[in-house]
Amino acid sequence: MTGKERIYAVLQGKETDKTPWVPFAGVHSGKLKGYSAKEVSQSADKLFESLLEVNRLYKPDGQPVMFDLQIEAEIMGCDLVWAEDAPPTVSSHPLAETPEIPDHIPGPEEGRLAMEIDVMQRMKAAVGDQSALYGLMCGPFTLASHLRGTNIFMDMILDPDYVHRLLSYTTDVAIRLSEYFIDAGMDVIAAVDPLISQISPDHFSEFMHAPFSRLFDAIRARGAYSSFFVCGNATMNIEPMCKTGPDSLSVDENVSLADAKKVTDSYDVVIGGNIPLTSVMLFGNQQDNMKSTVDLIDSVTPGRLIIAPGCDMPYDIPVENTIAIEQAVHETDSVRDMVKNYESAGLEFTGELPDYAHLERPLIEVFTLDSATCAACTYMLATALDAKEHFGDAIDVIEYKYTSPENIARCGAMGVKQLPSIYINGELTYSSLIPSRDELAAQISKYL
Amino acid sequence: MAVDLKALSEFLQKGRAKEVTELVQQALDEGMSAKVILHDGLMDGMNIIGVKFKNNEVFVPEVLIAARAMNMGTAILKPFLAEAGEVATGKVILGTVKGDLHDIGKNLVGMMMEGKGLEVIDLGTDVSADRYVEEAIKHEANIIACSALLTTTMTQMKAVVEKAEAAGIRDKVKIMIGGAPVTDSYCASIGADYYTADASSAAQTAVEICSA
């Protein structure tokens, strides 16, 4: 199956050969090509180039084009504050002091929508046969909060009629955007509405049910699939969200995927989620990411499942971590075996470590999970073997795979914290990050 | 008939500002002490809202509307509290860190802390590490409380800890941190004192710090 076939199949309630995987690489895509968050948020060429790299490295079944909830708001008069390593933030709310409801619907040429639609078309032509493409819009409630500010929460109690009217308007905007995105070739239209987690199920039913139902009906009528993304602890709202009729839901790590899936299964809605963004993807190592992903898959009932990060990926997530997740999603059984070894800590090393102080020639030791199956390990070992070819008999290169108890114990004795790692003469030189061939050669030369 | 403080607490929980202000005024007119009205009526209601918020029984709109009623009630009590020499149990410097404009969570924390009788000096959003420390010195604060929603801005919390150390106030002020991406282990790794997961726990922890 192609990735696109996998996403279509899961959304149609059919079986897939592998679990579908949708990495939410928004501004993080820029990191892969050395562009800042601001650059990929403003330049179609840089964004397109970065998205192709996401497609190549992370092997997504489905891929968003932009994960930026400020595009509509910017057109509608909100000021933005830009960052080099995060999407922009809304800093002013044009409706904060007025009960007026605007009537202007952004056109496809306005603001950054023009660029977004352009890149959607280019992505469709480049990878649209293989990968399902996601068009993301700011959900009607979060868009209303961008316009109104946090007053919107008190309005729900003090002036419900106003909130109904404002949401009706922001839903009109969302529906029009979904039309632009579908026409640009998007397969799945996602309404991203993080603030949904901040209201009660009763308020959801009162204010959100009708607008979101209208939005998802409109997307379906135009022949695309829909998704409802939420962030935060939305546990109480999973069922009301299902009742609005999206084809899929996506939740972050504040929601138990297993519990939520029981609800979504009963509504025949596909659920996506929810690899922890910070503790695992940003700050964890590859093993953590593999383990977390395998555990997540093992925690839920099969089918109607998409594995994805909890939300938009932080800019600085190590590339290797995302590669590790992709592998754990698509090759779950072999990664489950690797992870088992990762857990068997506490083995005593009975062999002998080399006498690092008195080596005849530089010794390059490569510690890997298993270079045959772990993608990043393969790259790490390949770099070391390149060096071996370059230096020939002047150096020794040896790989220790984390697949035998003896090697696991050796890692313990050496104090290896991250895999893959390269040690030169017993000293940790590269941990998790793969050096370029020249970089490694320069390091080795210091020991010659 | 004497004012029923339980009824006052319940009106506050429902955010019924009109009834709250009427009952507060009536209780004062009947000679009840401002301190008792504050603690057994208003704060009681806000504490219950805090616990319900923590337990996912009420959400942001309900907390904001209750806090609004609380503020209107305490505004009436303020002159009487001052007269009676009632002082705050501690001072907290509060803000979202540099580069972060997301303040819903920070505002909830501020309201909950005020609801527990703490004086909150709210520096707003996008607060530099220097500013937290300057204000903490100026106000002789017990606590600096930093909030961040973004993984990219949470790293600013470390700068706050370092600035507090450099200014020599680290032994006088506790540093609390919170926000969606923040965790206990992050708190430990940057040398901050407390991480709390929600506004209600933050206020509870702050009270414990100040009464220790």
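Residues numbered from 1 in each chain as written. Chains lettered and ligands numbered in written order. Predicted model: local features only at pLDDT ≥ 70, side-chain atom pairs only at ≥ 80, totals over all residues.

1. Some points on the overall build of chain B
And then number 1: For chain B, the count of helices and strands is nine helices and five strands.
And then number 2: Here the C-alpha atoms of chain B give a radius of gyration of 18 Å, agreeing with the 17 Å that 2.2 N^0.38 yields for 212 residues.
And then number 3: Its C-alpha atoms give chain B principal-axis dimensions of roughly 55 × 35 × 25 Å.
And then number 4: Within chain B, the fraction of its 212 residues that count as buried is 50%. (Helix = DSSP H or I, 4+ residues; strand = E, 2+ residues; numbered from the N terminus. Rg over C-alpha atoms; globule rule 2.2 N^0.38 Å. Buried ≥ 20, exposed ≤ 12 C-beta atoms within 10 Å, placed from the backbone.)

2. Points about the sheet that holds strand E7 (residues 248-250) of chain A
Residues and elements named next belong to chain A.
And then number 1: The seven strands lie next to each other as E1-E4-E5-E6-E7-E8-E9, forming an open sheet whose pairing is parallel. The sheet is open, and its two edges are formed by strand E1 (62-64) and strand E9 (305-309), each paired on a single side. For this sheet the average axis-to-axis angle between neighbouring strands, irrespective of direction, equals 25°.
And then number 2: The pairing of strand E5 (residues 188-192) with strand E6 (residues 225-229) spans five bridges and is parallel. When the bridges of E6 are listed, Ile189 appears paired with Ser226.
And then number 3: Helix-sheet contacts for helix H12 (residues 257-266) involve E7 and strand E8 (270-275), and the interaxial angle to E8 is about 170°. (Pairing = 2+ DSSP bridges. Axes fitted to C-alpha atoms, helices over the stretch in contact; angles between N-to-C directions. Contact = placed C-beta atoms within 7 Å.)

3. Comments concerning the interface of chain A and chain B
And then number 1: Taken together, the 25 residues of chain A in the interface contact 18 residues of chain B.
And then number 2: Residue assignment for the side of chain A that touches chain B shows that the elements contributing at least two residues are helix H8 (151-158) and helix H13 (277-282) of chain A.
And then number 3: The residue inventory of the side of chain A that touches chain B, partitioned by class, reads 13 nonpolar, 11 polar and one charged. (Nonpolar A, V, L, I, M, F, W, Y, C, P; charged D, E, K, R; others polar.)

4. Considering helix H1 (residues 3-11) of chain A
And then number 1: H1 of chain A sits mainly inside the fold: seven of its nine residues count as buried.
And then number 2: Count one or two residues on from H1 of chain A and you reach Gly13 of chain A, which has phi positive near 75°.

5. Some points on the sheet that holds strand E11 (residues 396-401) of chain A
Residues and elements named next belong to chain A.
And then number 1: Taking strand neighbours across the sheet as the criterion, the four strands line up as E11-E10-E12-E13 in an open arrangement whose pairing is mixed. Each edge of the sheet is formed by a strand with only one pairing partner; in this case those strands are E11 and strand E13 (427-431). The average undirected angle you get between the axes of adjacent strands in this sheet is 25°.

6. Regarding the environment of Thr155 of chain B
And then number 1: Note on placement: Thr155 of chain B falls in the loop between strand E3 (143-147) and helix H7 (156-166).
And then number 2: In the structure, Thr155 of chain B is positioned 27 residues away from Val182 of chain B in sequence and 9.7 Å away in space, judged by C-alpha atoms.

7. Considering the packing of helix H3 (residues 34-54) of chain B against helix H9 (residues 199-211) of chain B
Residues and elements named next belong to chain B.
And then number 1: At a minimum axis distance of 7 Å, the contact between H3 and H9 shows a crossing angle of 130°. Our classification of the angle between H3 and H9 gives oblique. Contacts between H3 and H9 involve Gly50, Val51, Phe53 and Lys54 from the first element and Ala199, Ser200, Ser201 and Ala203 from the second.
And then number 2: Looking at the contact of H3 with H9 residue by residue, the classes come out as four nonpolar, three polar and one charged. (Parallel < 35°, antiparallel > 145°, perpendicular 65-115°, else oblique.)

8. Some remarks on the domain arrangement of chain A
Residue and element names in this part refer to chain A.
And then number 1: One can read the domain layout of chain A as domain 1 (3-339) and domain 2 (356-445).
And then number 2: Distance between the C-alpha centres of domain 1 and domain 2: 39 Å.
And then number 3: Taken together, the contact pairs 10 residues of domain 1 with nine residues of domain 2.
And then number 4: Listing elements by their share of the side of domain 1 that touches domain 2, those giving two or more residues are helix H14 (286-299), helix H15 (319-330) and helix H16 (332-343).
And then number 5: Across the side of domain 1 that touches domain 2, the residue classes tally to four nonpolar, five polar and one charged. (Domains from an automatic or database assignment.)

9. Quick word on the pairing of E5 of chain A
All names here are of chain A.
And then number 1: The buried count for E5 comes to five of five residues, which makes it a mostly enclosed element.
And then number 2: As paired elements, strand E4 (residues 132-138) and E5 share five bridges and run parallel to each other. Bridging across to E5, Gly135 finds its partner in Ile189.
And then number 3: Read from E5 through helix H10 (residues 201-221) to E6, the crossover connection turns out right-handed. (Right-handed = clockwise from strand over helix to strand, strands pointing away.)

10. Details of the confidence of the model for chain B
And then number 1: Per-residue pLDDT for chain B has a mean of 92; in total, 100% of the residues score no lower than 70.
And then number 2: Across the predicted assembly, pTM comes out at 0.84 and ipTM at 0.83. (pLDDT = per-residue confidence, 0-100.)

11. Focus on the domain arrangement of chain B
Residue and element names in this part refer to chain B.
And then number 1: Split into domains, chain B comes out as domain 1 (5-83) and domain 2 (91-211).
And then number 2: The straight-line distance from the C-alpha centre of domain 1 to that of domain 2 is 25 Å.
And then number 3: Taken together, the contacts link 11 residues of domain 1 with 12 residues of domain 2.
And then number 4: Among the elements of the structure, H3 and helix H4 (60-83) are those that each provide at least two residues to the side of domain 1 that touches domain 2.
And then number 5: It is H3 that contributes the most residues to the side of domain 1 that touches domain 2, seven residues altogether.
And then number 6: Of the residues assigned to the side of domain 1 that touches domain 2, the class counts are eight nonpolar, two polar and one charged.

12. Observations regarding H14 of chain A
And then number 1: In a regular helix each residue adds 1.5 Å, so 14 residues correspond to 20 Å; H14 of chain A covers 20 Å between its end C-alpha atoms and thus fits that length.
And then number 2: Buried residues of H14 of chain A: Gln286, Gln287, Asn289, Met290, Lys291, Ser292, Thr293, Val294 and Leu296 of chain A, and no others. (Expected span 1.5 Å × (residues − 1).)

13. Some words on the environment of Gly15 of chain B
And then number 1: In this structure, Gly15 of chain B sits in the loop between helix H1 (5-13) and helix H2 (17-29).
And then number 2: Linking Gly15 of chain B and Leu42 of chain B, residues 27 residues apart in sequence, is a C-alpha distance of 11 Å.
And then number 3: If we ignore the near neighbours within four places in the chain, the residues touching Gly15 of chain B are Ile157 of chain A together with Glu62, Ile65, Ala66, Arg68 and Ala69 of chain B.

14. A short note on the nonpolar core
Inside soluble globular proteins, nonpolar side chains tend to come together where they are buried.
And then number 1: In this structure, Met186 of chain A together with Val92, Ile144 and Ala145 of chain B are the most contacted members of the largest nonpolar core, which totals 211 residues.
And then number 2: By residue number, the principal contributor to this core is helix H9 (residues 160-183) of chain A, which donates 10 residues.
And then number 3: Those residues in contact with Ile144 of chain B that lie beyond four places of it in its chain are Ile93, Tyr132, Ala136, Val160, Ala164, Val173 and Ile175 of chain B. (Core = buried A, V, L, I, M, F, W, Y, C linked by C-beta atoms within 7 Å.)

15. A few points about the pairing of strand E2 (residues 119-122) of chain B
All names here are of chain B.
And then number 1: Bridge analysis of strand E1 (residues 91-96) against E2 gives four bridges, and the strand direction is parallel. If you follow Val92 over to E2, its bridge partner there is Val120.
And then number 2: A crossover connection joins E1 to the parallel E2 through helix H5 (residues 104-115); in handedness this β-α-β unit is right-handed.

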